[in-house]
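What follows is the residue order along each chain.
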Amino acid sequence: MRPSPALFSGLGKREFTFNDVFRCASEFQPSLSVEPAHALRLLFECSVIGTVEEIEGKTFFTVKYRNRNAVLDLGKKLILHRGMWKALNLN
């Protein structure tokens, strides 16, 4: 039950929302064997993705490896770890 890397390269961007992932997953062929929300939670726990938000002009990132107590908020904008960008052809 692994999420396919092709799903993220199919998004075509480094920053995305849960709705973007859900939409892309519903069009993905063959269909995924894992629920998108569950896959994102697993990837967050491994620090493959994090959240990003702007507050008063400042950008804040939340990733599990920086804060062990961090919890994924699917309502926030998500970002892939920088190490994944080149592997997934995301410029």
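See the structure above.
Residues numbered from 1 in each chain as written. Predicted model: local features only at pLDDT ≥ 70, side-chain atom pairs only at ≥ 80, totals over all residues. Heavy atoms only, no water.

Participant: Mind laying out the overall build of the chain, listing which residues take part and the relevant values?
Facilitator: In terms of helices and strands, the chain carries four helices and four strands. Helices and strands in the chain line up, N terminus first, as α-β-α-α-β-β-β-α. The dimensions of the chain, computed from C-alpha atoms along their principal axes, are 40 × 25 × 20 Å. Of the contacts made within the chain by residues no fewer than 6 positions apart, 55% connect residues no fewer than 24 positions apart. Entry remark: accessible area of the chain is about 6200 Å², with carbon and sulfur atoms responsible for 49%. A distance of 8 Å separates the average location of the 13 positive side-chain charges in the chain from that of its 9 negative side-chain charges. (Helix = DSSP H or I, 4+ residues; strand = E, 2+ residues; numbered from the N terminus. Contact = heavy atoms within 4.5 Å. Areas by Shrake-Rupley, 256 points an atom, 1.4 Å probe, with all protein chains shown as cover. Lys, Arg positive; Asp, Glu negative; His and termini not counted. Charge placed at Lys NZ, Arg CZ, Asp CG, Glu CD.)

Participant: Requested: an account of the sheet that holds strand 4 (residues 77-80), with residues and values cited.
Facilitator: On the basis of which strands lie adjacent, the open sheet formed by four strands has the order 1-4-2-3 and antiparallel pairing. On the outer flanks of this sheet lie strand 1 (15-16) and strand 3 (58-62), each paired with one strand and no other. Relative to strand 4, strand 2 (residues 49-55) runs antiparallel, the two being bridged by four bridges. Counted as the bridge partner of Gly50 is Ile79 from strand 4. Docked against the sheet, helix 3 (residues 36-45) engages strand 1, strand 2, strand 3 and strand 4, running at close to 90 degrees with respect to strand 2. (Pairing = 2+ DSSP bridges. Axes fitted to C-alpha atoms, helices over the stretch in contact; angles between N-to-C directions.)

Participant: Go over unusual backbone geometry, please, and point to the residues and values.
Facilitator: Phi at Ser47 takes a positive value of approximately 65 degrees, unusual for a residue other than glycine. Even without being glycine, Glu56 reaches a positive phi, approximately 50 degrees. Judged by relative accessible area, Glu56 falls into the exposed class, the value being 81%. (Buried < 20%, exposed > 50% of the residue type's maximum accessible area, 1.4 Å probe, protein only.)

Participant: If you had to explain the side chain of Lys64 to someone new, which residues and values would you point to?
Facilitator: Take Lys64: it is sitting in the loop between strand 3 and strand 4. Among the polar contacts made by the side chain of Lys64, one reaches the main-chain carbonyl oxygen of Ala70 at a distance of 2.9 Å. (Polar contact = N/O pair within 3.5 Å; in protein donor to acceptor, adjacent residues only side chain to side chain.)

Participant: Outline the pairing of strand 3, supporting the account with residue identities and numerical values.
Facilitator: Taken together, the five bridges between strand 2 and strand 3 define a ladder with antiparallel strand orientation. The partner of Glu54 across the bridge, within strand 3, is Thr59. Once strand 2 ends, the chain turns through two residues before running back antiparallel as strand 3, passing Glu56 with a positive phi of about 50 degrees.

Participant: Quick rundown of helix 3? Include the residues and the values.
Facilitator: Within helix 3, burial applies to Pro36, Ala37, Ala39, Leu40, Leu43 and Phe44. Burial along helix 3 is one-sided: seen end-on, the buried residues are contained in an arc of 160 degrees. Just beyond helix 3, the residue with positive phi is Ser47, at close to 65 degrees. (Arc of directions from axis to C-beta.)

Fair warning: the whole summary comes from geometry, so function is off the table for now.
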